[in-house]
Amino acid sequence: GAGVSQTPSNKVTEKGKYVELRCDPISGHTALYWYRQSLGQGPEFLIYFQGTGAADDSGLPNDRFFAVRPEGSVSTLKIQRTERGDSAVYLCASSKTGGNTEAFFGQGTRLTVV
Amino acid sequence: EDKVVQSPLSLVVHEGDTVTLNCSYEVTNFRSLLWYKQEKKAPTFLFMLTSSGIEKKSGRLSSILDKKELFSILNITATQTGDSAVYLCAVAGSNYKLTFGKGTLLTVNP
């Protein structure tokens, strides 16, 4: 596609529920990143994919968070047993490779856990 | 652990003023430094600076990278109300992930 696409744009869920957030990167981009941004803060790294594999998942806060990218394109961030503290904007970015090329962001998913 | 510090955290100016935003960093095996503009949710890419490209300019915006002193600045001349946004600085190190600063909130008043 022309840009990084994230769905849904907004998600409200009840505490304890399971949610999936989807990211469709720019066509041909092998690197894909997930970030989380709270109000007044910069984006916080969660996980980085190079192709299908998670090259770095050191930012995932705990085992309730998991992400996949089975075919090296679309990625899904999965959050189990959501907590109110998970409320944030979840941003996805992609780049042609990683590190030395520009990373472009999607519009983000605003997750609200009530 | 990679670290990015931006200053000031917020800034209010009048249209036509020139502003300078600062970004200092600590990173293992520096690869690149990127500047983004964030108005709503999505950060919009502005510049990428690397060892082979330490100065960039686009219209009223320009940026330089000082690899020796480990900082970068973003300059905006003749500011307009449309420049009001959060400006984010990020660095990429040996592990390829981008580490962001907290951003500078710029408000340009008419």
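What you see is a predicted model; the values in this text were computed from it and never measured. (Residues numbered from 1 in each chain as written. Chains lettered and ligands numbered in written order. Predicted model: local features only at pLDDT ≥ 70, side-chain atom pairs only at ≥ 80, totals over all residues. Heavy atoms only, no water.)

Participant: Go over the pattern of salt bridges with me, naming the residues and quoting the values.
Facilitator: Across all of its chains, the model carries 6 salt bridges over all chains by this definition. For Asp86(A), the salt bridge is made with Arg64(A), and the minimal N-O distance between the two is 2.8 Å. With Asp86(A) in the loop between β8 (75-79) and β9 (88-95) and Arg64(A) in the loop between β6 (53-56) and β7 (65-68), this pair connects stretches of sequence that are 22 residues apart. No difference in accessibility class separates Asp86(A) from Arg64(A), as the two residues are buried. The closest approach of N and O atoms between Lys37(B) and Glu39(B), which form a salt bridge, is 4.0 Å. Under the relative-accessibility criterion, Glu39(B) is labelled exposed at 55%. One salt-bridge network, held together by shared partners, links Arg64(A), Glu83(A) and Asp86(A). (Salt bridge = Lys/Arg side-chain N within 4 Å of Asp/Glu carboxyl O. Helix = DSSP H or I, 4+ residues; strand = E, 2+ residues; numbered from the N terminus. Buried < 20%, exposed > 50% of the residue type's maximum accessible area, 1.4 Å probe, protein only.)

Participant: Break down the sheet that holds β7(A) for me, citing the residues and quoting the values.
Facilitator: All names here are of chain A. Strand order in the open sheet formed by 4 strands is β1-β3-β8-β7, with antiparallel pairing between adjacent strands. Each end of this open sheet is capped by a strand with a single partner; those strands are β1 (5-7) and β7. Averaged over all neighbouring strand pairs, the angle between strand axes comes to 15 degrees, with direction disregarded. By the bridge criterion, 5 bridges tie strand β3 (residues 19-24) to β8 in an arrangement that is antiparallel. Opposite Leu21, over in β8, you have Leu77 as the bridge partner. (Pairing = 2+ DSSP bridges. Axes fitted to C-alpha atoms, helices over the stretch in contact; angles between N-to-C directions.)

Participant: Can you break down the sheet that holds strand β7 (residues 61-66) of chain B residue by residue, with the values?
Facilitator: Residues and elements named next belong to chain B. Pairing is antiparallel across the open sheet formed by 5 strands, whose spatial order is β1-β3-β8-β7-β6. Bordering the open sheet on either side are β1 (3-7) and β6 (55-58), each of which pairs with just one other strand. On average, each strand axis in the sheet is inclined to that of its neighbour by 15 degrees, with strand direction left out of account. Where β7 and strand β8 (residues 71-76) come together, 6 bridges link them in antiparallel fashion. Bridged to Ser62 within β8 is Asn75.

Participant: Hey, could you go over the nonpolar core for me, with residue numbers and the actual values?
Facilitator: Counting 21 residues, the largest nonpolar core has Tyr25(B), Leu33(B), Trp35(B), Tyr87(B) and Leu106(B) as the members making the most contacts within it. If you list the elements that add at least two residues to this core, you get β3 (19-26), β4 (32-38), β5 (43-49), β7, β8, β9 (85-92) and β11 (104-109) of chain B. Residues within four places of Leu106(B) in sequence aside, it is in contact with Leu11(B), Val13(B), Val19(B), Ile76(B), Asp83(B), Ser84(B), Ala85(B) and Tyr87(B). Of all hydrophobic cores here, the second largest spans 20 residues; its members include Val4(A), Cys23(A), Phe49(A) and Ile79(A). (Core = buried A, V, L, I, M, F, W, Y, C linked by side-chain atoms within 4.5 Å. Contact = heavy atoms within 4.5 Å.)

Participant: So what about the interface of chain B and chain A? Which residues, and what values?
Facilitator: The interface of chain B with chain A comprises 19 residues on the first partner and 28 residues on the second. Carbon and sulfur atoms supply 58% of the area that chain B and chain A bury against each other, a total of about 1800 Å² over both sides. Among the residues of chain B in contact with chain A, Lys41(B), Tyr96(B) and Lys97(B) are the three that bury the most area, contributing 33% of the side total. For the interface between chain B and chain A, the tally reads 0 salt bridges. On inspection of chain B and its partner chain A, the count reaches 3 residue pairs in polar contact (both at pLDDT 80 or more). (Buried area = accessible area lost by both parts, 1.4 Å probe. Polar contact = N/O pair within 3.5 Å; in protein donor to acceptor, adjacent residues only side chain to side chain.)

Participant: How would you summarise the state of the cysteines if you had to cite specific residues and measurements?
Facilitator: All names here are of chain B. On inspection of all chains with the given rule, the structure shows 2 disulfides over all chains. Here Cys23 pairs with Cys89 through a disulfide, and the sulfurs are 2.0 Å apart. With the S-S bond torsion at -70 degrees, the cross-link from Cys23 to Cys89 turns out left-handed. Here Cys23 is found in strand β3, whereas its partner Cys89 is found in strand β9, with 66 residues between them in sequence. (Disulfide = S-S within 2.5 Å.)

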